[in-house]
Amino acid sequence: MEKENKKIKVLVVGSESAYHDIIGKSLEEEFEVIGAFSDDEGLAKARTERPDAIVLGYLEPRGTSFKLHKKLRGGWLTKHTPLLIVEIGSADMSQKGWTKQEALEMDADDYITISTEDSASISRLKESVGLTEKISIRMSERESVLKEKLLDPNDFCVTWEQIPGRGAFEMQHEEVIDNVAKAAAGGKIDAISVTDNPGGNPALSTEMLCVQIKKAGMEPLVHLACRDKNRSEIESLLCGLAAEGVKNILVLTGDYSGSDAFEGLAKPVFDLDPPNVLRLVGEMNKGLEHKAMRKTVKLAATDLFAGACVSPFKKLESELMGQYAKLKKKIEGGAKFIITQVGYDARKYHELLTWLRLNNYNIPVLVNIYVLPYGAARFMNSNGIPGCVVTDKMLADLAREKEAEDKGKAGMLLRAAKMYAYAKGMGYAGAHIGGHGITYEQVEYIIDKGEELAANWESLVAEFDYPQDDGFYLFEKDEKTGLNTDVYAPRTSKPAVPFKYRFTRVAHHLLFEEKSAIFRTLKPLAASLDKTRGPKHLFEFFEHMSKVALFNCMNCGDCALFDTAYVCPMSQCPKNQRNGPCGGSYNGWCEVYPNEKKCIWVQAYDRQKPYGEEGNIAAYTVPPCNWNLWQTSSWLNFYMGRDHSAIRLGIKPPPQKEAPKK
């Protein structure tokens, strides 16, 4: 856990010195203890010191503790802080203390009464009352159950996906809350996962629903899709969730915008991609720094637990390598767990675990178990749900199953249980269970049957042999198990290099590499040009028109062509993905323009492979576009050290000439 090397901070509030002597000394060996002797001091320290727990005793005059409690419970910073009421009983307790009923009415996490007659020593206080243990218990209750389960190698975590519908007062939302109540009562599900505008169409906001799920006693997992939010909105949303004690975040690119929004297609945003959102979460967890009134201000640290998705179910070598390149950036950006995309090929599931192990990424992964009826399978088979893969062979198997008397329902649930079993046997950390209209009882069956089958999971692998026609696998097949060896498979694709890319490579070498004589000549000229008005605008126009002709340039000023083998992610990718492909490509085609436009990251891989440079797509994380440079010359920005490529490569502006001395 993140706090295991740091002492838990406990604030003890009470009017009497004797109270602090007894309570404080009983805690100081295991906790960092802070004392406060009045309500004002207690409130101030609760807000500024941000204690992990508060122990509240009697305060003068009578009734002050009640008022302080109300402020602590209603305060923005302290509403989720564990609060224990500990009273030292005495002969005049009726005059100074409160009854247990009164204390319980104050919504304390625990109430402890100690009599001075039978608690004369600190050791007795600790042994008989267990104050330190009670604080530790209350602290652990505030931790993420999902995090604890996923990080425990001896546990198998289960999440259940819920899909809110559109509108504010619809029965679909009531069904979600009913499912949450059943999951809380059943005790077999560790977290409820809530989708974020699935299909790119409006739905009840996941963050609002997840706050209600938290209040209902279940751990929520918020899906955060980058489609609808710019970086400011993402930070604001994360801050709000952290303040409400909702810590688990699944960072997604998100489906492309749907056409069912008000008055037609919604404008897609895609300001940050998942690797950069994960970097933002990491900075927030350390205490995000920002500028205010020309000073650097560090915000209070959050405790968010963020993960990401990956799709190993890609047919082409270029598609699959792009997925793993982006996953590398997600993990290095701070992803703490991974959930797979929907697929049914056991060897592909094993491939992901093998890749993680060979790259020394010790990160938990949840298998995505979508409970699949024939209708949904047919839709996925025709690429109706981007990124979800159902092969022709599997669709034929489901077609036979649906001829059964129950229309294939028993087979559908048993298949999900078998996936649960082989995933657990392979070494997955948990299962992410979803499906339209799935009931709690069906989820419980999948869990119970999956546990029953897990002991013989190897025997189930052959039932999930659903390769794509001529599909690429990252590793050689283990013929004995039907899974993978540790030997990387040959990467046999031989893409042709388009003339445009050959031309841009030469131009890049001449114009943008420091060792080039032309670069050394142009750099001081660029510095002079950058100080002008008319000539500078003329230069910007020439640059823009030439790049429009070659790359359909949108003149963002923070050019990412260097990073994507000169296929612009801002104008050619509908999701503006600067760090790798989304999960929606199909046979190399863009999710938004299937059979029309190739995914830009497929193009980037194929362009670089003939030069042995295909590994460049995973080499570094590209920062989000700097919109301060919008509609300015990216060439000048590079030469003057302003854009992200110049910063990464260490390009500095030419030194300023000193004014002649008089």
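Look above for the structure.
A short tour of the structure in this document, coming up. Note that the structure is a prediction, hence the values are computed from the model and not measured.

Examining the overall build of the protein
1) Next: Looking only at helices and strands, one finds 24 helices and 17 strands in the protein.
2) Next: The C-alpha extent of the protein, read off along each of the three principal axes, is 95 × 95 × 50 Å.
3) Next: With 662 residues in all, the protein has 51% of them scored as buried.
4) Next: Carbon together with sulfur atoms contributes 53% to the accessible area of the protein, which is approximately 31300 Å² in total.
5) Next: For the protein, the separation between the mean place of its 85 positive charges and that of its 90 negative charges on side chains is 8 Å.

Some words on helix 2 (residues 39-48)
1) Next: Buried within helix 2 are the following residues: Gly42, Leu43 and Ala46. Buried residues of helix 2, viewed axially, fall in a sector of 95 degrees; they line one side. Of the residues in helix 2, the exposed ones pointing more than 90 degrees away from the buried face are Asp40 and Thr48.
2) Next: Residues of helix 2 that are buried in the fold lie against strand 1 (9-13), strand 2 (32-36), strand 3 (53-56) and helix 3 (64-74).
3) Next: At the exit of helix 2 stands arginine 50, carrying a positive phi of roughly 50 degrees.

Description of the sheet that holds strand 9 (residues 248-252)
1) Next: Sheet architecture is closed into a barrel: eight strands sit in the order 6-7-8-9-12-13-14-15, paired in parallel fashion. Neighbour-to-neighbour, the strand axes of this sheet turn through a mean angle of 25 degrees, independent of strand direction.
2) Next: By the bridge criterion, three bridges tie strand 7 (residues 191-194) to strand 8 (residues 220-225) in an arrangement that is parallel. Opposite valine 194, over in strand 8, you have valine 222 as the bridge partner.
3) Next: Across the sheet, helix 10 (residues 206-215) touches strand 7 and strand 8, and the angle it forms with strand 8 is around 175 degrees.

Observations regarding the layout of surface pockets
1) Next: Of the pockets and cavities examined, the second largest pocket occupies roughly 1100 Å³.
2) Next: In terms of lining, the second largest pocket is formed by 48 residues, of which the most central are Asp255, Gln341, Ile385, Pro386 and Cys388.
3) Next: Mapped onto the lining of the second largest pocket, the elements with two or more residues apiece are strand 8, strand 9, strand 12 (305-310), helix 13 (317-333), strand 13 (338-340), strand 14 (365-370), helix 15 (374-381) and strand 15 (430-434).
4) Next: In the lining of the second largest pocket, the residues fall into 22 nonpolar, 19 polar and seven charged.

Some words on the packing of helix 13 against helix 22 (residues 600-608)
1) Next: At a minimum axis distance of 9 Å, the contact between helix 13 and helix 22 shows a crossing angle of 105 degrees. Viewed along their axes, helix 13 and helix 22 adopt a mutual orientation that is roughly perpendicular. Facing helix 13, whose interface residues are Glu317, Ser318, Glu319 and Met321, helix 22 presents Val602, Tyr605 and Asp606.
2) Next: Residue composition of the contact of helix 13 with helix 22, grouped by class: three nonpolar, one polar and three charged.

What about the pairing of strand 1?
1) Next: Most of strand 1 sits out of view: five of its five residues are buried.
2) Next: Pairing analysis gives five bridges linking strand 1 to strand 2, with the strands arranged parallel. In the sheet register, valine 13 faces strand 2, and the bridge partner there is alanine 36.
3) Next: For the segment spanning strand 1, helix 1 (residues 17-27) and strand 2, crossover handedness is right-handed.

Let's talk about the environment of glycine 186
1) Next: For glycine 186, the location among the structural elements is in helix 9 (residues 171-186).
2) Next: Sequence separation between glycine 186 and glycine 411 is 225 residues; the distance between their C-alpha atoms is 24 Å.

Considering the packing of helix 17 (residues 409-426) against helix 18 (residues 440-453)
1) Next: Packing of helix 17 against helix 18 brings their axes to within 8 Å, and their N-to-C directions diverge by 50 degrees. Comparing their axes, helix 18 and helix 17 come out oblique. The interaxial crossing formed by helix 17 with helix 18 has right-handed handedness. Residues Lys409, Leu413, Leu414, Ala416, Ala417, Lys418, Tyr420, Ala421 and Lys424 of helix 17 lie in contact with helix 18, whose contacting residues are Gln442, Tyr445, Ile446, Ile447, Lys449, Gly450, Glu451 and Leu453.
2) Next: Of the residues assigned to the contact of helix 17 with helix 18, the class counts are ten nonpolar, two polar and five charged.

Comments concerning unusual backbone geometry
Negative phi is the rule for most residues except glycine; trans is the rule for most peptide bonds.
1) Next: In this chain, glutamate 60 is followed by proline 61 through a cis amide linkage whose omega measures -10 degrees.
2) Next: Note that proline 61 resides in the loop between strand 3 and helix 3.
3) Next: At methionine 293, a residue that is not glycine, the phi angle is positive and equals roughly 55 degrees.
4) Next: With respect to the helices and strands, the residue methionine 293 is situated in the loop between strand 10 (289-292) and strand 11 (295-298).
5) Next: Classification of methionine 293 by relative accessible area gives exposed; the value is 78%.

Observations regarding the side chain of threonine 64
1) Next: Structurally, threonine 64 can be placed in helix 3.
2) Next: Exposure remark for threonine 64: the relative accessible area of 8% places this residue in the buried category.
3) Next: One polar contact links the side chain of threonine 64 to the main-chain carbonyl oxygen of glutamate 60, over a distance of 3.4 Å.
4) Next: In this view, threonine 64 contacts Asp39 and Leu59; residues no more than four positions away in its chain are not counted.

Overview of the nonpolar core
1) Next: Among the nonpolar cores identified, the biggest contains 124 residues, and Ile189, Leu372 and Tyr428 are the most heavily contacted of them.
2) Next: Counting residues per element, this core draws most heavily on helix 17, which supplies eight residues.
3) Next: Residues within four places of leucine 372 in sequence aside, it is in contact with Tyr344, Ala377, Met380, Val390, Met394, Leu398 and Met412.
4) Next: In terms of nonpolar packing, the next biggest core, distinct from the first, is built from 13 residues, Leu221, Leu250, Phe337 and Ile339 among them.

A look at empty space enclosed by the protein
Empty space among the atoms becomes visible once a probe the size of a water molecule is rolled across them.
1) Next: All chains considered together, the criterion is met by seven cavities of 30 Å³ or more.
2) Next: Looking at the largest cavity, its volume works out to about 120 Å³.
3) Next: Lining the largest cavity are 15 residues, and of these Cys573, Cys582, Cys590, Glu591 and Cys599 lie nearest its centre.
4) Next: Considered class by class, the residues forming the lining of the largest cavity number ten nonpolar, two polar and three charged.

Examining helix 21 (residues 534-551)
1) Next: Here helix 21 is 18 residues long and its end C-alpha atoms lie 25 Å apart, about the 26 Å a rise of 1.5 Å per residue gives.
2) Next: For helix 21, the set of buried residues is Glu540, Glu543, Lys547 and Phe551. Buried residues along helix 21 cover an arc of 70 degrees about the axis, so they all sit on one side. With respect to the buried face of helix 21, the exposed residues turned more than 90 degrees away are Leu538, Phe541, Phe542 and Ala549.
3) Next: Taken together, the buried residues of helix 21 touch helix 19 (499-512) and helix 23 (634-639).

Rules of the game
- Residues numbered from 1 in each chain as written.
- Predicted model: local features only at pLDDT ≥ 70, side-chain atom pairs only at ≥ 80, totals over all residues.
- Heavy atoms only, no water.
- Helix = DSSP H or I, 4+ residues; strand = E, 2+ residues; numbered from the N terminus.
- Buried < 20%, exposed > 50% of the residue type's maximum accessible area, 1.4 Å probe, protein only.
- Areas by Shrake-Rupley, 256 points an atom, 1.4 Å probe, with all protein chains shown as cover.
- Lys, Arg positive; Asp, Glu negative; His and termini not counted.
- Charge placed at Lys NZ, Arg CZ, Asp CG, Glu CD.
- Arc of directions from axis to C-beta.
- Contact = heavy atoms within 4.5 Å.
- Pairing = 2+ DSSP bridges.
- Axes fitted to C-alpha atoms, helices over the stretch in contact; angles between N-to-C directions.
- 1 Å grid on protein atoms, 1.4 Å probe; cavity = no way out; pocket = protein on both sides within 12 Å on 5 of 7 lines; lining within 4 Å.
- Points joined across faces, edges and corners; volume = space filled by probe spheres on them.
- Nonpolar A, V, L, I, M, F, W, Y, C, P; charged D, E, K, R; others polar.
- Parallel < 35°, antiparallel > 145°, perpendicular 65-115°, else oblique.
- Right-handed = clockwise from strand over helix to strand, strands pointing away.
- Left-handed = near helix turned anticlockwise from the far one by under 90°.
- Polar contact = N/O pair within 3.5 Å; in protein donor to acceptor, adjacent residues only side chain to side chain.
- Core = buried A, V, L, I, M, F, W, Y, C linked by side-chain atoms within 4.5 Å.
- Expected span 1.5 Å × (residues − 1).

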